[in-house]
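# Architecture at a glance
Next come the chains, spelled out residue by residue.
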Amino acid sequence: MEMNLPEVVAEVRAAFDRYEAALINNEVAVLDELFWQSPHTVRYGATENLYGYDAIATFRASRPALDLQRSLTKTVITTYGQDFATANTEFRKTASDKLGRQTQTWLRTPEGWRVVSAHVSFLPESAQG
């Protein structure tokens, strides 16, 4: 298996960047589009565990659009072959200054690159120094 083929990394980076722009601008339709529409999709959030695309879409539709702006650091995108990738990043919320991390697993589908698994968590205040 070839890892980190430049063209595949560029494709995943573009999908990741599109997701990030949609997230901070609360573009729910784009966020929904970029998650794989499957009952097997999982998203562990800061306060919720969501199983299946429908649960994720329902959460997105009702999530308050507060403190969405953030800056990213230490983003690492790793691709495995042509059709599978992970994206890991650290972020700092602009309004609250909370520090968190995000992991996404991406899969190439007939519709394009889609998130099949995601995890978002915040570091405890004691670790944010």
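Here's a quick rundown of the structure. (Residues numbered from 1 in each chain as written. Predicted model: local features only at pLDDT ≥ 70, side-chain atom pairs only at ≥ 80, totals over all residues. Heavy atoms only, no water.)

### Let's talk about the packing of aromatic side chains
Inclusion rule: Only Phe, Tyr and Trp rings take part, Trp by its six-membered ring, and two of them pair if their centres are within 6.5 Å. Stacked means planes under 30 degrees apart, edge-to-face means over 60, and tilted covers everything else. Partly exposed describes any residue whose relative accessible area lies between the buried limit of under 20% and the exposed limit of over 50%, with all areas from a 1.4 Å probe on protein chains only and scaled to the type maximum. Runs of E in the DSSP output that reach at least two residues are strands. Runs of H or I that reach at least four are helices, and both are numbered from the N terminus. Only when the NZ atom of a Lys or the CZ atom of an Arg is both within 6 Å of the ring centre and within 35 degrees of the ring normal do we say a charge sits over the ring.
Overall, the coordinates contain 4 aromatic pairs when judged by the stated rule. Between Y44 and Y51, the aromatic rings sit 5.9 Å apart at their centres with planes inclined by 75°, giving edge-to-face as the arrangement. Exposure remark for Y44: the relative accessible area of 31% places this residue in the partly exposed category. Ring geometry for F91 against F122: centres 5.6 Å apart, planes inclined by 80°, an arrangement best described as edge-to-face. In this pair, F91 is assigned in strand β4 (residues 84-93) and F122 in strand β6 (residues 112-122), connecting sequence segments 31 residues apart. Residue classification places F122 among the partly exposed residues on the basis of a relative accessible area of 26%. Here the guanidinium or amino end of R70 rests over the ring plane of F91, the centre of that ring lying 4.3 Å away. Above the plane of the ring of F122 lies K98, whose end atom (NZ or CZ) is 4.1 Å from the centre.

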